[in-house]
Amino acid sequence: MALLDVLLCCLWVVWRGQPGLGLPLAPVGCRSPASAVEQFWHVTDLHLDPTYHITDDHSKVCASSKGINASNPGPFGDVMCDSPYKLILSAFDFIKKSGQNASFMIWTGDSPPHVPVYELSTDTVITVIANMTNTVQSLFPKLQVFPALGNHDYWPQDQLPTFNSKVYNAVADLWKPWLDEEAIQTLRKGGFYSQKVPTNLNLRIISLNTNLYYGPDIVTLNKSDPANQFEWLENTLNTSQQNKEKVYIIAHIPVGYLPYSQGTTAMREHYNEKLINIFRKYSNVIAGQFYGHTHRDSIMVISDEKGIPINSVFVAPAVTPVKGTLQKQTNNPGIRLFQYDPHDYKLLDILQYYLNLTDANLKGESNWKLEYILTKTYNIEDLQPSSLYELAKEFATPDSEKFVKYYNYYCVSYNSSVICNEKCKAFQICAIMNLDHNSYVDCLKHYYIKPSL
């Protein structure tokens, strides 16, 4: 079954047949006055697989399983498959019916499925992104959305260019209802942009194309500043500093080290060092950073050269539940709501929602629930760098119950019986607290792991 043929089928049939969805718990109500808190949604890694269908032959449930048997397929998906449209729609329908007032939504990339290159094409990738964009625009016609491109939002995947392309042009046209002309121009040129939030005019969103720094992207090999994005970023942050704006950075591939392996940055290490230096320089302007890509739920704290925490970084879990054949763990689908102070744009809290995929498939209906409220779960004041850094130090203590919670939430409550051993914990802690090479190596030494860096 060809992906493009399936995509051209009417996805809206699923939408019309949706049952009612459970509503979230009430938002945090302990802050006064109520006007001192505003909110925005973060959604990432939808990874639509339009071939998903229930069949007796579990090797043919979805193209994204690549011929491997689906484990327990149901109406909302399977852990060996990317998202059926019904799963994605349930997430957005939950947001729509939640009753939560949000100033905007950030959407940090990756709409197409994990399938072999030959099963996709530029036109198919554009069609998938268009379907996801149309779904969001139809459900939320008045909501401001700030998207970012992911490494799968291109064909061939990962090979995002440093120049104008058919995909960049297509998304610029698709996202015109959300973006101003200046943002559209830079999006066409290099897949990145900045724009003020209409309801918060001293808050600017910078949407980076960090895919240009991704290891598999051969287009950017040996380039010191792909698409001149570093220069553009510094100029934009400098202007925001002069204009007394605050900035939220959004992108797909995060800065820092991957928390599940030793010494591996999510992007090429020299690009990571460059970004960390820029973020340190403008830490007084940047009020938060938001990424996707890993499909997991994690926090990071950027510190200055003296080790003082200066910036909070959040990696949101995916909507897709897919895992690789050799992976023991995956994630339940997740979406999240941030709370922030509209006066200074400081981040206050996270309300993390999730869908228990096994339960949803058994019952035949989606029941998105509140998984945790970050400040209440960990008994911290807010999401500021100092608060998260102190929390990470608590995680690092032996037999930390807070870390046990954190690791369960890392996989979106997929399997609470999984234990993160001493080595696993060292990788997690060092990734949270150390985003540059030197401090990361020192952290591993502290945990008595011989660095291979």
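In this report, the structure presented in the accompanying data block is examined. (Residues numbered from 1 in each chain as written. Predicted model: local features only at pLDDT ≥ 70, side-chain atom pairs only at ≥ 80, totals over all residues. Heavy atoms only, no water.)

## Some remarks on the packing of aromatic side chains
Describing an aromatic ring pair means giving the distance of the ring centres and the angle of the ring planes.
Here is step 1 of the chain: Taken as a whole, this structure holds 32 aromatic pairs when the rule is applied.
Here is step 2 of the chain: Ring centres of Trp41 and Tyr353 lie 5.8 Å apart, and the angle between their planes is 40°; on these two criteria the pair is classed as tilted. In this pair, Trp41 is assigned in strand S1 (residues 38-43) and Tyr353 in strand S11 (residues 347-354), connecting sequence segments 312 residues apart. Here the two residues Trp41 and Tyr353 agree in accessibility, since each one is buried. (Phe/Tyr/Trp six-rings, centres within 6.5 Å; stacked < 30°, edge-to-face > 60°. Helix = DSSP H or I, 4+ residues; strand = E, 2+ residues; numbered from the N terminus. Buried < 20%, exposed > 50% of the residue type's maximum accessible area, 1.4 Å probe, protein only.)

## Quick look at the pairing of strand S12 (residues 369-373)
Here is step 1 of the chain: Of all five residues making up S12, four are buried, and the element is well covered by its neighbours.
Here is step 2 of the chain: Direction of pairing for S11 relative to S12: antiparallel, over a ladder of four bridges. Its bridge partner being in S12, Tyr354 is matched across the sheet by Lys369. (Pairing = 2+ DSSP bridges.)

## Concerning the environment of Asn200
Here is step 1 of the chain: The residue Asn200 is located in strand S5 (residues 200-207) in this model.
Here is step 2 of the chain: Since its relative accessible area comes to 3%, Asn200 is described here as buried.
Here is step 3 of the chain: On a C-alpha basis, the gap between Asn200 and Ile249 in space is 15 Å, while along the polypeptide they are 49 residues apart.
Here is step 4 of the chain: Non-local contacts of Asn200, meaning those with residues more than four positions away in its chain, are made with Glu38, Ser103, Tyr340, Pro342 and Tyr345.
Here is step 5 of the chain: Engagement of the side chain of Asn200 in a polar contact is seen with the side chain of Glu38, the distance being 3.4 Å. (Contact = heavy atoms within 4.5 Å. Polar contact = N/O pair within 3.5 Å; in protein donor to acceptor, adjacent residues only side chain to side chain.)

## Observations regarding the state of the cysteines
Here is step 1 of the chain: Per the counting criterion, the structure on display carries three disulfides.
Here is step 2 of the chain: Between the sulfur atoms of Cys420 and its disulfide mate Cys424 the distance is 1.9 Å. Between Cys420 and Cys424 the disulfide shows an S-S torsion of about -105°. By sign, it is left-handed. As far as burial versus exposure is concerned, Cys420 and Cys424 are alike and both buried.
Here is step 3 of the chain: Note on cysteine connectivity: Cys430 is disulfide-linked to Cys443, with sulfurs 2.0 Å apart. Where Cys430 bonds to Cys443 through sulfur, the torsion about that S-S bond is close to -85°, and the disulfide is left-handed. Taken as a pair, Cys430 in helix H13 (residues 422-433) and Cys443 in helix H14 (residues 437-446) lie far apart in primary sequence, 13 residues in all. Grouping residues by exposure puts Cys430 and Cys443 together as buried.
Here is step 4 of the chain: Each bonded cysteine of the protein chain is numbered by sequence order, and under that numbering the disulfide pairs are 1-2, 3-4, 5-6. (Disulfide = S-S within 2.5 Å.)

## Quick word on empty space enclosed by the protein
Here is step 1 of the chain: In the structure shown here, the tally under the stated rule is three cavities of 30 Å³ or more.
Here is step 2 of the chain: Here the largest cavity defines a volume of roughly 100 Å³.
Here is step 3 of the chain: What lines the largest cavity is a set of 18 residues, and nearest its centre among them are Tyr257, Pro259, Ser298, Met300 and Val315.
Here is step 4 of the chain: Breaking the lining of the largest cavity down by element, the ones donating at least two residues are strand S8 (298-303), helix H12 (401-410) and H13.
Here is step 5 of the chain: Of the residues contributing to the lining of the largest cavity, the split by class is 13 nonpolar, four polar and one charged.
Here is step 6 of the chain: What lines the second largest cavity is simply Asp297, Ile299, Tyr372, Leu374, Tyr378, Tyr406 and Tyr409.
Here is step 7 of the chain: When contributions to the lining of the second largest cavity are tallied by element, the ones reaching two or more residues are helix H10 (374-378) and H12.
Here is step 8 of the chain: Split into classes, the residues belonging to the lining of the second largest cavity amount to six nonpolar, no polar and one charged. (1 Å grid on protein atoms, 1.4 Å probe; cavity = no way out; pocket = protein on both sides within 12 Å on 5 of 7 lines; lining within 4 Å. Points joined across faces, edges and corners; volume = space filled by probe spheres on them. Nonpolar A, V, L, I, M, F, W, Y, C, P; charged D, E, K, R; others polar.)

## Overview of the sheet that holds strand S4 (residues 193-197)
Here is step 1 of the chain: With mixed pairing, six strands are arranged side by side in an open sheet as S4-S5-S6-S7-S9-S8. At either end of the open sheet lies a strand with only one pairing partner, and these are S4 and S8. Taken over all neighbouring pairs, the strand axes of this sheet differ in orientation by 25° on average, direction set aside.
Here is step 2 of the chain: Along the sheet, helix H7 (residues 229-242) makes contact with S4, S5, strand S6 (246-250) and strand S7 (286-291), crossing S5 at roughly 170°.
Here is step 3 of the chain: Lying on the sheet, helix H8 (residues 269-281) is in contact with S6, S7, S8 and strand S9 (309-315); it crosses S8 at an angle near 70°. (Axes fitted to C-alpha atoms, helices over the stretch in contact; angles between N-to-C directions.)

## Focus: unusual backbone geometry
Here is step 1 of the chain: With an omega dihedral of -10°, the bond running from Trp155 to Pro156 counts as a cis peptide bond.
Here is step 2 of the chain: Here Pro156 is to be found in the loop between strand S3 (144-147) and helix H5 (166-174).
Here is step 3 of the chain: Located in the positive-phi region is Asn228, a residue other than glycine, with phi close to 55°.
Here is step 4 of the chain: Here Asn228 lies in the loop between S5 and H7.
Here is step 5 of the chain: The class of Asn228 is partly exposed, set by a relative accessible area of 46%.
Here is step 6 of the chain: Of note, the phi angle at His293 is positive, near 80°, even though the residue is not glycine.
Here is step 7 of the chain: Accessibility expressed as a relative area gives 16% for His293, which makes it buried.

## Brief notes about the packing of helix H11 (residues 385-396) against H13
Here is step 1 of the chain: It is at 10 Å that the axes of H11 and H13 come closest, and there the two elements cross at 165°. By the criterion of interaxial angle, the relationship of H11 to H13 is roughly antiparallel. Between H11 and H13 lies a crossing of left-handed hand. Mapping the contact onto sequence places Tyr389, Ala392, Lys393, Phe395 and Ala396 in H11 and Lys425, Ile429, Ile432 and Met433 in H13.
Here is step 2 of the chain: Taken together, the residues of the contact of H11 with H13 sort by class into seven nonpolar, no polar and two charged. (Parallel < 35°, antiparallel > 145°, perpendicular 65-115°, else oblique. Left-handed = near helix turned anticlockwise from the far one by under 90°.)

## Observations regarding the nonpolar core
Here is step 1 of the chain: The biggest cluster of nonpolar side chains holds 140 residues, and the ones touching the most others in it are Phe92, Phe104, Trp175, Leu233, Tyr248, Phe279 and Ile335.
Here is step 2 of the chain: Setting aside anything within four residues of it in sequence, one finds Phe104 in contact with Gln39, Phe40, Trp41, Leu143, Gln144, Phe146, Val197, Leu203, Ile205, Tyr248 and Tyr340.
Here is step 3 of the chain: Counting residues in hydrophobic clusters, the runner-up holds five residues, among them Tyr52, Val61, Cys62 and Ala70. (Core = buried A, V, L, I, M, F, W, Y, C linked by side-chain atoms within 4.5 Å.)

The values are spatial; any link to function lies outside them.
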